[in-house]
Amino acid sequence: NATIVPHERPPARIGQLGLRVKKVVLVGSGKGGVGKSTVAASLAVMLNQMGSRVGLMDADVYGPSVPHLLGLEGRPEVDADKKIRPIELREGFPVMSMGFLVEPDQAVIWRGPMLHGSIQQFLRDTQWGELDYLIIDMPPGTGDIALTLSQSVPISGAVVVCTPQEVALLDAVKAINMFRKVNIPVAGMVENMSGFLCPDNGKTYDIFGRGGARDKAAQMDVPFLGGLPIDIRLREAGDEGRLHEVIADQPDAAAPIEQAARAL
Ligand code: ADP
């Protein structure tokens, strides 16, 4: 079980950040590289397509990849009243990322207080408008940021992304325990890289295995939200900054994401 050392600064009270958001959903993972940002961005795009007002916040300050996946760049403007105007993926679909504020090749060294402050500032000072969902792409494996968030806004649930490999599942279990420890309800697990969908023959090969997350979810008593195969369209689109186009135009590639989105 993770030990979480609360930050010395008094926490913001629930609702203090003044967000007008019906559901705040965190997307987390035990470790990096499992497709957490891909799932977070895809879920946000899918919920938007399904007719919801959605915002996406990339809180993965160590490796903000949402701008890259969605082909967004630019510097958010700051209004006279010091509110940050987010970058929009589509009209009325605000996206905010630390990636918009630092040069892509610059390493950012975060110390605890700065990190907590900046995440709260992101939430509080961004003009999110009125939203049905705010999807937050979390940094992997960190309990302290989840703690900060849980003390700042009411969180409706956390989605934990993992791959089917045993080691990845163990990390996912840690992530679930971490969310539970800070009283964030776990919305469920998504198994990413759940088999490889071969474009040549349409067959699925279980490169990293398959089904491990479903079993682990049952053991941990959390919902299983579905499996997303390794799909070259997702990887290419992510690299080319048009992940949202695959979610919009390739219903078969997007089907597992739709299934997970319906559960949120
Ligand atoms: P994380 O946020 O966990 O570090 P990313 O979402 O950035 O992971 O994904 C890491 C890499 O894997 C990216 O290049 C992404 O395009 C690719 N990727 C993620 N999920 C899939 C998938 N299901 N099929 C193919 N490529 C994927």
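Below you will find a few notes about this structure. (Residues numbered from 1 in each chain as written. Predicted model: local features only at pLDDT ≥ 70, side-chain atom pairs only at ≥ 80, totals over all residues.)

With that settled, consider the overall build of the protein chain. Secondary structure assignment for the protein chain yields 9 helices and 11 strands. Scored against the burial criterion, the 264 residues of the protein chain give a buried share of 48%. (Helix = DSSP H or I, 4+ residues; strand = E, 2+ residues; numbered from the N terminus. Buried ≥ 20, exposed ≤ 12 C-beta atoms within 10 Å, placed from the backbone.)

With phi around 65°, Lys82 is a residue other than glycine that occupies positive phi space. In this fold, Lys82 is placed in the loop between strand S3 (77-78) and strand S4 (84-85). Even without glycine at this site, Met193 takes up a positive phi of about 60°. Residue placement: Met193 occurs in strand S9 (residues 186-197).

Moving on, we get to the nonpolar core. In terms of nonpolar packing, the biggest core is built from 79 residues, with Leu26, Val27, Leu43, Leu134, Ile135, Ala146 and Val160 touching the most fellow members. The element best represented in this core is helix H1 (residues 36-49), accounting for 8 residues. In this structure Leu43 touches Val27, Ile135, Ile257, Ala260 and Ala261, once residues within four positions along its chain are discounted. (Core = buried A, V, L, I, M, F, W, Y, C linked by C-beta atoms within 7 Å. Contact = placed C-beta atoms within 7 Å.)

Moving on, we come to the packing of helix H5 (residues 166-181) against helix H6 (residues 212-220). Running from N to C, H5 and H6 point in directions that differ by 35°, and their axes come no closer than 10 Å. Both H5 and H6 take part in a crossing whose hand is right-handed. Where H5 approaches H6, its residues Glu166, Leu169, Ala172, Val173 and Ile176 are matched on the opposing element by Gly212, Ala213, Lys216 and Met220. Taken together, the residues that form the contact of H5 with H6 break down as 6 nonpolar, 1 polar and 2 charged. (Axes fitted to C-alpha atoms, helices over the stretch in contact; angles between N-to-C directions. Left-handed = near helix turned anticlockwise from the far one by under 90°. Nonpolar A, V, L, I, M, F, W, Y, C, P; charged D, E, K, R; others polar.)

All of the buried residues in helix H9 (residues 251-262) are Ala254, Pro256, Ile257, Ala260 and Ala261. Along the axis of H9, the buried positions cluster into a sector of 145°, meaning they face one direction only. What points out from H9, more than 90 degrees from its buried face, is the exposed set Pro251, Asp252 and Arg262. Considering only its buried residues, H9 is in contact with H1, S9, strand S11 (224-230) and helix H8 (243-249). (Arc of directions from axis to C-beta.)

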